[in-house]
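# Working through the structure, step by step
If you want the building blocks of each chain, they are given just below.
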Amino acid sequence: GLSVEGNLKPTIQFLLNCLDPNQTIKVDDHNEEEEEEEDDDEYKTLLRKCILKHPQILALSLANLSAKRDYFDAIETTCIDNDSIKNDGN
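Heads up: these notes are all about the structure in this document. As the structure is a computational prediction, the values presented were derived from the model and not from experiment. (Residues numbered from 1 in each chain as written. Predicted model: local features only at pLDDT ≥ 70, side-chain atom pairs only at ≥ 80, totals over all residues. Heavy atoms only, no water.)

### Focus on the layout of surface pockets
Within this model, the largest pocket holds a volume of roughly 330 Å³. Forming the boundary of the largest pocket are 14 residues, of which Leu 15, Cys 18, Ile 57, Leu 65 and Arg 69 lie nearest the centre. Of all the secondary-structure elements, those providing two or more residues to the lining of the largest pocket are α1 (4-19), α2 (34-53) and α3 (62-89). Tallying contributions element by element places α3 first for the lining of the largest pocket, with five residues. In the lining of the largest pocket, the residues fall into eleven nonpolar, no polar and three charged. (1 Å grid on protein atoms, 1.4 Å probe; cavity = no way out; pocket = protein on both sides within 12 Å on 5 of 7 lines; lining within 4 Å. Points joined across faces, edges and corners; volume = space filled by probe spheres on them. Helix = DSSP H or I, 4+ residues; strand = E, 2+ residues; numbered from the N terminus. Nonpolar A, V, L, I, M, F, W, Y, C, P; charged D, E, K, R; others polar.)

Written out as structure tokens, the structure reads:
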């Protein structure tokens, strides 16, 4: 069946890792330094905005999310490579 631990937590963790590979869902934030908490809040705010704007993302499987991330990473890499070639030619 569906559960927060089995379904939503892995999806949220995957999405946080897409924003910053060092991000993890923390059970206890009380022992963290203030600066780290500010960084966490920044990524959590970005993730919150993303989910509020596109709630259907939570229904996607991790495999589907991973494939979409890989696709967009490939597009980004291609665009960066093309920009680099254009700039080298001038």
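### Here we look at the environment of Ser 61
Within the secondary structure, Ser 61 sits in the loop between α2 and α3. Ser 61 sits in the partly exposed class, given a relative accessible area of 41%. Considering only alpha carbons, one finds Ser 61 and Asn 7, 54 residues apart in sequence, at a separation of 8.7 Å. (Buried < 20%, exposed > 50% of the residue type's maximum accessible area, 1.4 Å probe, protein only.)

### Quick look at the pattern of salt bridges
Enumeration over the complete set of coordinates arrives at two salt bridges. Between Glu 5 and Lys 9 there is a salt bridge whose closest N-O contact spans 3.8 Å. Residue Glu 5 and its partner Lys 9 are both found in helix α1; the two are separated by four residues, about one turn of the helix. For Glu 5, a relative accessible area of 56% translates into the label exposed. Between Asp 70 and Arg 69 there is a salt bridge, with its nearest N and O atoms 3.3 Å apart. (Salt bridge = Lys/Arg side-chain N within 4 Å of Asp/Glu carboxyl O.)

### Comments concerning the nonpolar core
Among the nonpolar cores identified, the biggest contains eight residues, and these are Phe 14, Leu 15, Leu 16, Tyr 43, Leu 47, Ile 51, Ile 57 and Leu 65. The set of elements that each furnish at least two residues to this core consists of α1 and α2. When sequence neighbours within four positions are dropped, the list of residues in contact with Leu 16 reads Gln 23, Ile 25, Tyr 43, Lys 44 and Leu 47. (Core = buried A, V, L, I, M, F, W, Y, C linked by side-chain atoms within 4.5 Å. Contact = heavy atoms within 4.5 Å.)

### Examining the packing of aromatic side chains
In this structure the tally under the stated criterion is one aromatic pair. Between the aromatic rings of Tyr 71 and Phe 72, the centroid separation amounts to 5.2 Å while the plane-to-plane angle is 70°, which identifies the pairing as edge-to-face. (Phe/Tyr/Trp six-rings, centres within 6.5 Å; stacked < 30°, edge-to-face > 60°.)

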